[in-house]
Structure formats: structure tokens, C-alpha cells
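Each chain, letter by letter, is given below.
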Amino acid sequence: MKQVKTAIFGTGFIGRVHLDAVRRLESVEAVAIADTNIKVAQSLAAGFAIPTVAADYRGILKDPAVDAVHICTPNAQHFSMAMEALEAGKHVACEKPLATTVEEAQALVALAAQKGLRNCVCHNLRYYPMVQQMRRMREAAELGEILLVQGTYSQDWLLYDSDWNWRIDSKIGGVSRCMADIGSHWFDMAEHVTGLRVSSLCADLQTFHAIRREPKHAIETFANKLLGPEDYIERPVDTEDFGAVIFHMGQRARGAVTASQVSAGRKNRLSIEIYGTKSSVAWDQERPNELWIGHRERGNEIILKDPSLLKPEARSYADLPGGHTEGYGDTTKQMFRRFYASIGAPGMVPEYPQFADGLRQLTILKAELESHRRRSWVDIPAL
Ligand code: SOE
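In this numbering scheme, every chain counts its residues from 1 along its sequence in written order. Where totals are concerned, whole chains, interfaces and linings use all residues; where local detail is concerned, this predicted model gives features only for residues with pLDDT of at least 70, and gives and counts side-chain atom pairs only at 80 or more. Processing note: side-chain calculations cover all non-hydrogen atoms of the structure and skip hydrogens and water entirely.

**Regarding the packing of helix H4 (residues 78-87) against helix H5 (residues 102-115)**
Stated precisely, the cut-off is as follows: Working convention: axes come from line fits to C-alpha atoms, limited for helices to the stretch in contact. Angles between N-to-C directions cover 0 to 180 degrees. Under the scheme used here, helices are H or I runs from DSSP no shorter than 4 residues and strands are E runs no shorter than 2 residues, and both carry numbers assigned from the N terminus. Roughly parallel refers to an angle under 35 degrees, roughly antiparallel to one over 145, roughly perpendicular to one between 65 and 115, and oblique to any angle outside these ranges. We call two residues in contact whenever any of their non-hydrogen atoms come within 4.5 Å of each other. Residue polarity follows a fixed list, in which Ala, Val, Leu, Ile, Met, Phe, Trp, Tyr, Cys and Pro are nonpolar, Asp, Glu, Lys and Arg are charged, and the others, Gly among them, are polar.
One way to put it is that H4 packs onto H5 with a least axis distance of 10 Å and a crossing angle of 10 degrees. One way to sum up the angle between H4 and H5 is to call them roughly parallel. Judged by residue contacts, Phe79, Ala82, Met83, Leu86 and Glu87 of H4 engage Glu104, Ala107, Leu108, Leu111, Ala112 and Lys115 from H5. Residue classes in the contact of H4 with H5 are distributed as 8 nonpolar, no polar and 3 charged.

**Describing the pairing of strand S12 (residues 253-260)**
Defined as follows: Between any two strands, at least two bridges found by DSSP are needed for them to pair.
Here strand S7 (residues 146-154) pairs with S12 via 7 bridges, running parallel. Within the sheet, the bridge partner assigned to Gln150 lies in S12 and is Ala256. Across 8 bridges, strand S11 (residues 242-249) lies against S12 in antiparallel orientation. Looking at the pairing, Ile246 lines up with Ala256 of S12. Counted between consecutive antiparallel strands, the loop separating S11 from S12 contains 3 residues, among which Gly250 sits at a positive phi close to 60 degrees.

**Points about unusual backbone geometry**
The test is simple: Throughout, exposure labels follow a simple rule: accessible area from a 1.4 Å probe, protein chains only, divided by the maximum for the residue type, with under 20% read as buried, over 50% as exposed, and the rest as partly exposed.
Going from Lys96 to Pro97, the amide bond is cis rather than trans, its omega being -10 degrees. Along the chain, Pro97 turns up in the loop between strand S5 (91-94) and H5. In this structure, Ala141 is a non-glycine residue whose phi angle is positive, near 65 degrees. Of note, Ala141 is situated in the loop between helix H6 (129-139) and S7. Here Ala141 falls in the partly exposed class, since its relative accessible area comes to 39%. At Arg375, a residue that is not glycine, the phi angle is positive and equals roughly 50 degrees. Note on placement: Arg375 falls in the loop between helix H11 (355-374) and strand S17 (378-379).

**Remarks on the pattern of salt bridges**
To keep it simple, the criterion reads: Salt bridge, as used here, is a side-chain nitrogen of Lys or Arg placed within 4 Å of a carboxyl oxygen of Asp or Glu.
A complete count under the given rule lists 32 salt bridges for this structure. Linking Arg360 and Glu191 is a salt bridge whose minimum nitrogen-to-oxygen distance equals 2.7 Å. Of the two residues, Arg360 is situated in helix H11 and Glu191 in helix H8 (residues 178-194); the sequence distance between them amounts to 169 residues. Judged on exposure class, the residue Arg360 and its partner Glu191 are both buried. Of the charged contacts, one joins Arg337 and Asp319 as a salt bridge, the two residues approaching to 2.8 Å between their closest N and O atoms. A residue pair is termed long-range when its members are at least 10 positions apart, and Arg337 in helix H10 (residues 328-343) and Asp319 in the loop between helix H9 (312-315) and H10 qualify at 18 residues. With a relative accessible area of 24%, Arg337 lands in the partly exposed category. Through salt bridges with shared partners, a single ionic network connects Arg24, Asp319, Asp330, Lys333 and Arg337.

Pasting the structure below:
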């Protein structure tokens, strides 16, 4: 018997990732789907025997039987939908970025706390088992003091001027694209794994295509690569394709990261390297079930995901035995398993990213945009 009833708002690429994850959880039942494209919503609901379908999500918010909602719509809608959901007494899982401004995110953090509602922002990449292994190794002081954190988050799906997605339009996706969309994942992982906070940064952003050609018909995230030659509308672009950031972390750690959506051959590659005074770790989303461990005085190691080889606290993020790979969809399942478990347990300390983590990433993003604009270093508050 499913205990918690939930709804998915938005049926694009990530909405379907959320639905898939929810359907793999023992204690949750997806009972409603909302999307302005009612035909797509009806088709998805029929395919998964979901009883309620709506073009307007507000009707579902009025349903007392619905305990929680997932916000999987374009970024500019997150704030208003999350506020309405919290006001309606719903627990909320909202896709990143939580909002398009720090002020909006602050309001969401405050309202969720005031209402005593569980709140999650979907930095799911934390929950690859080998990422959790890095975190637990750091917590066990196996890395020593963290000196360097470096890496990249690189994709190629927006390489061509004919590649289009709603994220390119700042009115729908927000003033930042690459750094808000994927740079936020990298910094969330860097702070989560190291336990340190970025204290100041210097950012340089670049938009390679000042004009892009928008297809006349809506397209799915990543689906643009399948488009053939079509009629396009030329659009001026004011969101970045690329960002490079150097930063200070904690007392004396230093770091450097790039984020790109124009790197030919990189499909969806978050790569992070963490160098400590005792040893180092490196993880690559293109080989997610491996972890590289670096040593000064003995051979380096590459360990494969095998729960029996993981630290006890990391083991619960691997559902499958050694050699059975776990990937992107599994990370969302692990995150929502903990989100929904917390709904039934008011005293449980959340082991998933909350709205405060979404606010944190918007605070870092605001500093990146200011640094780029001023071509100077910008300090970041620790919280
Ligand atoms: C597109 O860059 C995207 O779908 C992001 O929006 C997701 O957050 C990331 O996990 C995969 O790529």
C-alpha cells in the first residue's frame, strides 16, 4: 500500500525522470500529472495509469489527497509554483535552479520553514555511490586537509547555432544558462563532498553564438540533435555557453572549474578532482561506477562500485551488487527515497539537498555574474 501521494508538474525530459524515480519507491504513488500540453500529459498518465491529469496544476494543489508535488517546469516558473504549492500545504521537490534570483530563493526557504514542509532541490548528482564514497572518505579524514578542487561540467548539445532549447531564452530560463543549469551541479557537489564553502571567486563567461536559430516547433532537452534542416527563427542570445571560475574554499583551499554546453564529444560529463594533504580522489560522470584514488607514496587505485568495498555510510546509495552499474536515473531515486522517508518522519534530519542548498547555489551564481560583469574577485557569504 503506497503511503504518500504525489504529483508531477511538467512532462518534459526531467519530468519523466522524476516520474520514473517515484515509481521505483515503495512508499509513494504518483496520482496526478499536470502540463500545459494536455495531450502529452494525458498520454503519459495513460501510459502509467495515473488517475488525474490537468493542464493547470492549480487544480491539483487544491486536492487534499495530494501530499507532495514535483516542479519540473522551465526555471522561470519554479518560484511561483513552489510558493503556491507551499501555501497549499504540499511538500515540494523542485528542479534546480530553485528560482531565478537569490531573493526568490530566500522567500521559498522562509516559507517552507514557516509551514514546516519538506523541501528538496534536485541536485541529484550527489547520489552516485562513488560520489558518496568520496564524501565519506573525506569525512573519515582519509584525504587530509583539502588543498585543491578542480574539474569541469561539459556537454555538447548546444554547440551549433541551430541548437535550441528553452534554457537559451533568458525570459524562460533566467539570466544565466550554463552556470545556472550545470555549473550549479558542480559547485553543489564540490561543497557537499569537501564539506567546505566557496568564500570568493573570479568568473569569466562567454556566449559563442550571439544569434541562434530557433526551430519553429518546440523540442525536448537533448532532442535538438535529431533535427534536420528546418525553417528557423533567428534569435539574439543573452545567456552564456561557457564559464570559467577560479575560487577560494575554506581556510586555504583553491579551485578551478569550467562549465560548457559547447564541448564537442562531451555528452553530460561532470568531472571533479579533490587533492588533499594525505591522498586524492577523482570522479568522472562518464565512468560513474569508478573512483580514482591518488597516493604520493604508493600506487594509485581505481575502485569499481561494489557495496562491500564502500564505506558503510556510502553503501546505502548502492542498490545493486558489485559490477551491476548504477547511473543517472538511480541518483534521483536515491534522493527521492530520502525525501519521501522524511515526510513521514518529522524528526528525521534531511539527507537530501533542500531549498537552502538551492539558495546557496543562487548565491554563488549571483557572485559569478557580478564577477564577470566587474571583471574582478567577489566574496561570498559562508551560509
Ligand atoms: C541539461 O543541461 C541538463 O538536463 C540539466 O538541466 C540537468 O540538471 C543535468 O543533470 C543534465 O543536463
